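Listed below are the residues making up each chain.
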Amino acid sequence: CKQLCKFLYSKGEVLMKPEKLISYACDAQDNSQSQYSNFPVGSALLSDDGKVILGCNVESAVYPNTLCAERVAIYSAISQGYTKFKAIAIVSKTGAKPCGSCRQTIYEYLGNVPIYVSDSTGSKISTYYIKDLLPYPFDL
Ligand code: THU
């Protein structure tokens, strides 16, 4: 679902249209290793300096070893030194919202950024916030 989208400029800050971030998530979905579930998921994370970090789900024959697309993107970004984020996009064939574990990770590392969710066509994007998806988060 590659699309031609443009960047928006606002108060000197470069913002990315949801459609564009979703199209990156679609690119990431193409890299999914989901041979057991046949449920490829792609994620794209936008850092505060405009960098896009991709993630896809990676499955294992030892099923619990599987990693979700969102957490692959978030941990990859953190491991590359990114700490502040503007938005995350998630695509799958059903337009599924993030699982509980990913919600906790989004809460801890992304905070209140828009969470764009779409099916793989990218045609209808829903926007969520973690306070609604995880109203009673775990804190230490
Ligand atoms: N999956 C994700 O990548 N993100 C989620 O938020 C939910 C589930 C993956 C894990 C597994 O590879 C497949 O989707 C089916 O559960």
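Residues numbered from 1 in each chain as written. Predicted model: local features only at pLDDT ≥ 70, side-chain atom pairs only at ≥ 80, totals over all residues. Heavy atoms only, no water.

*Asks:* So what's going on with the overall build of the protein? Which residues, and what values?
*Replies:* Looking only at helices and strands, the protein has four helices and seven strands in total. Its C-alpha atoms give the protein a radius of gyration of 14 Å, near enough to 14 Å, the size a compact globule of 140 residues would have. Taking the principal axes of its C-alpha atoms as reference, the protein extends roughly 50 × 40 × 30 Å. Total accessible area on the protein is roughly 7900 Å²; 53% of this is exposed by carbon and sulfur atoms. (Helix = DSSP H or I, 4+ residues; strand = E, 2+ residues; numbered from the N terminus. Rg over C-alpha atoms; globule rule 2.2 N^0.38 Å. Areas by Shrake-Rupley, 256 points an atom, 1.4 Å probe, with all protein chains shown as cover.)

*Asks:* Can you tell me about a nonpolar patch on the surface, naming the residues and giving the values?
*Replies:* A cluster of nonpolar side chains, contributed by Y75, I78 and Y109, occupies part of the molecular surface with about 280 Å² of accessible area. With respect to the secondary-structure elements, Y109 resides in helix α3 (residues 100–109). The class of Y109 is partly exposed, set by a relative accessible area of 40%. (Patch = residues over 30% accessible without salt bridge, like charges linked within 9 Å, V, L, I, M, F, W, Y side chains within 5 Å. Salt bridge = Lys/Arg side-chain N within 4 Å of Asp/Glu carboxyl O. Buried < 20%, exposed > 50% of the residue type's maximum accessible area, 1.4 Å probe, protein only.)

*Asks:* Hey, could you go over the nonpolar core for me, with residue numbers and the actual values?
*Replies:* Membership of the largest hydrophobic core comes to 19 residues, with the highest contact counts inside it found for L45, L110 and I115. Contributing elements (two or more residues each) for this core: β3 (41–47), α2 (69–79), β5 (85–92), β6 (115–119) and α4 (130–133). Counting residues per element, this core draws most heavily on α2, at four residues. If you look at the next biggest cluster of nonpolar residues, it comprises 12 residues, including I22, C26, A44 and V91. (Core = buried A, V, L, I, M, F, W, Y, C linked by side-chain atoms within 4.5 Å.)

*Asks:* Lay out the site of the ligand in plain terms, naming residues and giving numbers.
*Replies:* The environment of the ligand is formed by S37, F39, V41, N57, E59, T66, C68, A69, E70, P98 and C99. In the environment of the ligand, an oxygen atom lies 2.9 Å from a nitrogen or oxygen atom belonging to the side chain of N57. Contact distances for the ligand include 2.7 Å between an oxygen atom and a side-chain N or O atom of E70. Burial of the ligand by the protein chains amounts to 78% of its free accessible area of 370 Å². Here the residues of the shell around the ligand sort into six nonpolar, three polar and two charged. (Near = heavy atom within 4 Å. Polar contact = N/O pair within 3.5 Å; in protein donor to acceptor, adjacent residues only side chain to side chain. Nonpolar A, V, L, I, M, F, W, Y, C, P; charged D, E, K, R; others polar.)

*Asks:* Outline unusual backbone geometry, listing residues and values.
*Replies:* The phi torsion of most residues other than glycine is negative, and most of the peptide bonds are trans. Residues other than glycine seldom take positive phi values, yet N38 does so here, at roughly 55°. Structurally, the position occupied by N38 is in the loop between α1 (18–29) and β3.

*Asks:* Which residues make up the packing of aromatic side chains, and what values do they have?
*Replies:* Applying the stated criterion to the full structure yields one aromatic pair. Ring centres of Y36 and Y63 lie 5.6 Å apart, and the angle between their planes is 40°; on these two criteria the pair is classed as tilted. Here the residue Y36 occupies a position in the loop between α1 and β3, and Y63 occupies one in the loop between β4 (52–56) and α2, the gap between them amounting to 27 residues. (Phe/Tyr/Trp six-rings, centres within 6.5 Å; stacked < 30°, edge-to-face > 60°.)

Everything listed is a geometric property; what it means functionally is a separate question.
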